[in-house]
Amino acid sequence: MDEPRPVHRQPAPERYGRLRVRTDDLSPALRLAQRAPGPAAFGTVAGVCAPGFDAYVRVLHPAGLEERPVRWSTVAAAQGTRVTPGTPWYDVVGMGPDYLKATEYGVPGVWDEHPWEGPTPPAVAEALIPVLAWRTATPERCWFGLWDGYGRWDVDGLPAFTAPGREELLLSGALADAVSPVALDEFAELPDLWWPEDHAWCLGGDVDLTSTYVGGSARLIAELLAAPDLETYPVGPDEAVVG
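### Looking at the overall build of the chain
Broken down by element type, the chain carries six helices and 14 strands. Here the C-alpha radius of gyration of the chain, 18 Å, is about what a compact globule of 243 residues would show, namely 18 Å. Considered along the principal axes of its C-alpha atoms, the chain spans approximately 55 × 55 × 30 Å. Counting across all 243 residues of the chain, residues that qualify as buried make up 49%. Relative to all contacts within the chain whose residues are 6 or more apart in sequence, the contacts with residues 24 or more apart total 71%. When the accessible surface of the chain is summed, it comes to about 12,000 Å², and 53% of that surface belongs to carbon and sulfur atoms. Distance between charge centres in the chain, computed from 18 positive and 35 negative side chains, equals 6 Å.

What follows is the structure, given as C-alpha cells:
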C-alpha cells in the first residue's frame, strides 16, 4: 500500500497578518478560561466564546448569490421555512442533518452558495468590529485564539492554550487588525476567538459552524441585534451551537 505523501506546511509565522503570534506568555488566555462561573461545555454557546457574560448573540454567516451576501431569512422565505435563534442551515433549506451543503440545492435568483463554514468570515467581521470597538476601553489591546488544526502552517512545538474541544495559538493586536490575515491569503481563516484586554466581551467561532457567537453586556448584545449589516438572534450561554 502506498504511504500518503506528506502535506507541505509553511513555517509558523511570527505574525498572522498584523497580529503577533505569542509564544512567551499565555496568561491572557488562562484568564479567559477562568472566567466565572467556570469552564463551559463543548458544543455550547459559552463553550464557543466564554461563560460569565450578561447576554449572548448568534451572528449568522450569510449565504450567497453571485458572490453577494444573502440573509438566511431571505432563503427561508423562498423555501417556505423559517429562521429561529436555534435553526440550523439545513432546516432553512428544508434538508435533514445529512445535507452536504452542495450548491446544487440552491434556488435560482435567491441563493447559489451555502453560508461560510468556519470562523467569522471577513465581511461579517468588518461589520462586527465597529460595534465591538465601541464597547471596550481597550480596542488597541486585544487577544485572539487561532485553532492549531487548520494545517496551513507547521505549528508543532508552539505553545497553545486549551479551549473546549480545541487547542488554540495565542495572538495579540488591535481589534481593527482581526481581518488582516486575509492580506496573506484571501482564504486565510480569521481567529476563532477574540477578546479585549478589559474582557468587556468575547467573540467565538469554530471550523464546523456557520455562525459566530458573542457574549457581552446587555447593551452590546442589543446593539448587535439592531445592527443593520448583521443577521443576529439572541441565545443563552448553555444552548447548543448549531451549524
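### Notes on the state of the cysteines
Tallied over the entire structure, the rule returns zero disulfides. Here Cys-49 stays unpaired: no disulfide links it, and the sulfur of Cys-202, its closest cysteine neighbor, is 5.5 Å away.

### Quick word on the nonpolar core
Across soluble globular proteins, you tend to see nonpolar side chains buried next to one another. One finds Leu-128, Leu-132, Trp-194, Val-214, Leu-220, Leu-224 and Leu-230 to be the most contacted residues of the largest nonpolar core, which totals 35 residues. Of all the elements in the fold, those that place two or more residues in this core are β3 (19-22), β4 (55-60), α5 (122-134), β7 (142-147), β10 (166-173) and α6 (218-226). Contacts of Leu-230, omitting those with residues within four sequence positions, involve Val-59, Arg-71, Val-124, Ala-127, Leu-128 and Leu-224. One finds Ala-40, Ala-46, Val-48 and Leu-193 within the second-largest nonpolar core, a separate group that totals 23 residues.

### A word on the pairing of β4
Among the six residues of β4, six are classified as buried, and the element is accordingly described as predominantly covered. The pairing of β4 with strand β14 (residues 232-235) spans four bridges and is antiparallel. Across the sheet, the residue bridging to Tyr-56 is Val-235, located in β14.

### Regarding α5
For α5, which comprises 13 residues, the first-to-last C-alpha distance of 19 Å matches the rise-based estimate of 18 Å (1.5 Å per residue) to within 8%. Considering bend angle alone, the principal kink of α5 is centred on Leu-128 and spans about 30 degrees; proline Pro-130 follows within four residues of it. Every buried residue belonging to α5 is among Pro-122, Val-124, Ala-125, Ala-127, Leu-128, Ile-129, Val-131 and Leu-132, and all of these are buried. Considering only its buried residues, α5 is in contact with β4, β11 (193-196), β12 (202-204), β13 (211-216) and α6.

### Brief notes about the pattern of salt bridges
Scanning the entire structure with this criterion turns up seven salt bridges. Where Glu-66 meets Arg-68, a salt bridge forms, and the shortest distance between an N and an O atom there is 3.4 Å. Using a relative accessible area of 57% as the deciding quantity, one classes Glu-66 as exposed. With a closest N to O distance of 3.3 Å, Arg-166 and Asp-208 form a salt bridge. Residue Arg-166 is found in strand β10, and its partner Asp-208 is found in the loop between β12 and β13; the two are separated by 42 residues along the sequence. Its relative accessible area of 14% is what places Arg-166 among the buried residues. Taking relative accessible area as the criterion, Asp-208 reaches 46% and is therefore assigned partly exposed. Three or more residues joined by partner-sharing salt bridges are found here, namely Arg-20, Arg-22 and Asp-24.

### Here we look at the packing of aromatic side chains
Taken as a whole and judged by the stated rule, the model has six aromatic pairs. With a centroid separation of 6.2 Å and 80 degrees between ring planes, the pair formed by Phe-53 and Tyr-56 is classed as edge-to-face. Overall, the relative accessible area of 12% leaves Phe-53 in the buried class. Here the aromatic rings of Phe-144 and Trp-194 are separated by 6.2 Å at their centres, their planes lie at 65 degrees, and the arrangement is edge-to-face. You can see Phe-144 sitting in strand β7 and its partner Trp-194 sitting in strand β11, a full 50 residues away along the chain. Of the two residues, Phe-144 and Trp-194, both sit in the buried class. An aromatic cluster is built from Trp-72, Trp-89 and Trp-111, whose rings are joined through pairwise contacts. The side chain of Arg-166 reaches across the aromatic face of Trp-147, ending 5.0 Å from its centre.

What counts and how
Residues numbered from 1 in each chain as written. Predicted model: local features only at pLDDT ≥ 70, side-chain atom pairs only at ≥ 80, totals over all residues. Heavy atoms only, no water. Helix = DSSP H or I, 4+ residues; strand = E, 2+ residues; numbered from the N terminus. Rg over C-alpha atoms; globule rule 2.2 N^0.38 Å. Buried < 20%, exposed > 50% of the residue type's maximum accessible area, 1.4 Å probe, protein only. Contact = heavy atoms within 4.5 Å. Areas by Shrake-Rupley, 256 points an atom, 1.4 Å probe, with all protein chains shown as cover. Lys, Arg positive; Asp, Glu negative; His and termini not counted. Charge placed at Lys NZ, Arg CZ, Asp CG, Glu CD. Disulfide = S-S within 2.5 Å. Core = buried A, V, L, I, M, F, W, Y, C linked by side-chain atoms within 4.5 Å. Pairing = 2+ DSSP bridges. Expected span 1.5 Å × (residues − 1). Bend = angle between axes of the 7 residues up to and from the residue. Salt bridge = Lys/Arg side-chain N within 4 Å of Asp/Glu carboxyl O. Phe/Tyr/Trp six-rings, centres within 6.5 Å; stacked < 30°, edge-to-face > 60°. Lys NZ or Arg CZ within 6 Å of the ring centre and 35° of its normal.

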